Amino acid sequence: MVLLVLVTALWAFSFSLIGEFLAGRVDSDFAVLTRVLLAALVFLPFTRWRGVPGGMKLGILITGMLQFGITYLCLYRSFSYLTVPEVLLFTIFTPLYVTLIDDALFRRFSPVALLAAAIATLGAGIIRYDGLSEDFITGFLLLQVANFTFAAGQVGYKHVMRHYALALPGYRTFGYFFFGALVIALPSFLIFGDADKLPTTSLQWGILGWLGLAASGLGLYLWNRGACEVDAGTLAIMNNALVPAGLLVNLLIWNRDADLMRLMLGGAVIAFSLWVNARFHPRARVLAGP
């Protein structure tokens, strides 16, 4: 649980950097590719090549394709069809996908986890809702693919690591995650990338470096390790904890307008959903770390 909270704070800060300094200025495909390459380089020296089951390598690689590669490809494309408030609003369905995918893999149904995720979604919706435009179906569908693949990657990694009880630290195999993301990010840049919108300032390069090394490299590793230590309901709820955290960081640093009453109310609803899951979910496990 501590890892998920720490990464939530890290990502809340990073998203503000993207919105303030990169969005609309740096090609999104190049930004994603840079983040993947830097994160892969971080884990490359630690990657264990021998003694790792082929199924485990493939499983982690696929989770990287889903959680990083396809997710970001669809997320950035959705901005062509949706306003920023709509993008924010439509990401709140991720917790529902987390619980449903986890239940599907276990061939079970957990009403408490689904209820807690629905409450968390309501809380995020209270914070993010700002009206809808008439033409949003294409963007909505793209974003739901992004939400689904991000959820599937988290749950999939958790199940892969549980299935292969290898006596190795997680960082010795996490490089395969970014190798999988590279399978998606590199062709995307080669096909859709705009060479005229590469970074032009040291600040932009510095932010890309931070996002690749910290937000993507360290952040995704710690997030997925944290996901392995909590139940699906808690993981689902933490996916929406980024909503109040992101708005709070943006408000404090860049003084952007935010409805503080909605922020506090939505945050309280998300906190309540976490309590519901911890109190009533029979399999809830909230631990301090891996």
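Criteria and thresholds
- Counting restarts for each chain, with residues numbered from 1 along the sequence as it is written.
- It should be noted that, the model being predicted, local features are given only for residues of pLDDT at least 70 and side-chain atom pairs only at 80 or more, the latter also being counted only at that level, while totals for whole chains, interfaces and linings use all residues.
- Hydrogens and water molecules were not included; the side-chain quantities draw on all heavy atoms of the structure.
- For the purposes of this entry, the term helix denotes a DSSP run of H or I that reaches at least four residues, the term strand denotes a run of E that reaches at least two, and both are numbered from the N terminus.
- Residue exposure (1.4 Å probe, protein chains only): buried if accessible area is under 20% of the type maximum, exposed if over 50%, otherwise partly exposed.
- The Shrake-Rupley method, run with a 1.4 Å probe, gives the accessible areas here. Residue values count only the displayed protein chains as cover.
- A pair of aromatic rings is counted whenever rings of Phe, Tyr or Trp (Trp by its six-membered ring) have centres within 6.5 Å, and the orientation is called stacked for planes under 30 degrees apart, edge-to-face for over 60 and tilted otherwise.
- For this analysis, a salt bridge means a side-chain nitrogen from Lys or Arg found within 4 Å of a carboxyl oxygen belonging to Asp or Glu.
- UniProt positions are given in the numbering used here, feature names are shortened, and annotations may be inferred rather than shown by experiment.
- In this analysis, axes come from line fits to C-alpha atoms, helices being fitted only over the stretch in contact, and the angle between any two N-to-C directions falls in the range 0 to 180 degrees.
- In a left-handed crossing the near helix is turned counterclockwise from the far helix by less than a right angle, and in a right-handed crossing that turn is clockwise.
- For this analysis, residues touch if any pair of their heavy atoms sits within 4.5 Å.
- Only Asp, Glu, Lys and Arg are considered charged, only Ala, Val, Leu, Ile, Met, Phe, Trp, Tyr, Cys and Pro nonpolar, and every remaining residue, Gly among them, polar.

(A) Structural view of the overall build of the protein chain. Scanning the protein chain from N- to C-terminus turns up twelve helices and zero strands. Each helix (α) and strand (β) of the protein chain, taken in turn from the N terminus, gives the series α-α-α-α-α-α-α-α-α-α-α-α. Counting only residues that meet the buried cut, the protein chain has 51% of its 290 residues in that class. With an accessible surface of roughly 13,300 Å², the protein chain has 70% of that area assigned to carbon and sulfur atoms.

(B) Seen up close, the packing of aromatic side chains. Under the counting rule described, the total for this entry stands at 21 aromatic pairs. Residues F30 and F189 carry aromatic rings whose centres are separated by 5.7 Å and whose planes lie at 55° to one another, so their mutual orientation is tilted. Placement of the pair is F30 in helix α2 (residues 28-43) and F189 in helix α8 (residues 175-192), with a sequence separation of 159 residues. For the pair formed by F30 and F189, the shared burial category is buried. Geometrically, the ring pair formed by F68 and F178 is edge-to-face, given 6.2 Å between the ring centres and 75° between the ring planes. Linking F68 in helix α3 (residues 54-78) with F178 in helix α8, this pair joins segments that are 110 residues apart in sequence. The class for F68 is buried, based on a relative accessible area of 1%. Judged by relative accessible area, which is 0%, F178 ranks as buried. Aromatic rings pair up to connect F43, F68, Y72, Y157, F174, F177, F178 and Y221 into one cluster.

(C) Structural detail: the pattern of salt bridges. Tallying each qualifying case throughout the model produces two salt bridges. Among the salt bridges present, the one from R108 reaches D102, with a minimum N-O distance of 2.8 Å. Here R108 falls in the partly exposed class, since its relative accessible area comes to 28%. Here R108 makes a salt bridge to D103, at a shortest N to O gap of 3.5 Å. Residue classification places D103 among the buried positions, given a relative accessible area of 5%. One connected set of salt bridges, linked through shared partners, spans D102, D103 and R108.

(D) Structural detail: unusual backbone geometry. Although it is not a glycine, R107 adopts a positive phi angle of roughly 55°. Along the chain, R107 turns up in the loop between α5 (94-106) and α6 (111-128).

(E) Broad picture of the UniProt feature "transmembrane region" (unreviewed entry) in the protein chain. When the UniProt feature table is mapped onto this chain, "transmembrane region" (unreviewed entry) is found at residues 58-75, 81-100, 112-130, 136-153, 174-193, 205-223 and 235-254. Within the segment residues 136-153, helix and strand shares are 94% and 0% respectively, and the terminal C-alpha atoms sit 26 Å apart.

(F) Region of the structure containing the packing of helix α7 (residues 137-163) against helix α9 (residues 202-227). Their axes nearest at 9 Å, the elements α7 and α9 cross at an angle of 65°. The two elements α7 and α9 cross, and the hand of that crossing is right-handed. For the pair formed by α7 and α9, the contact residues are G153, Q154, Y157, K158 and M161 on the first element and W223, N224, R225 and A227 on the second. For the contact of α7 with α9, the residue count by class is four nonpolar, three polar and two charged.

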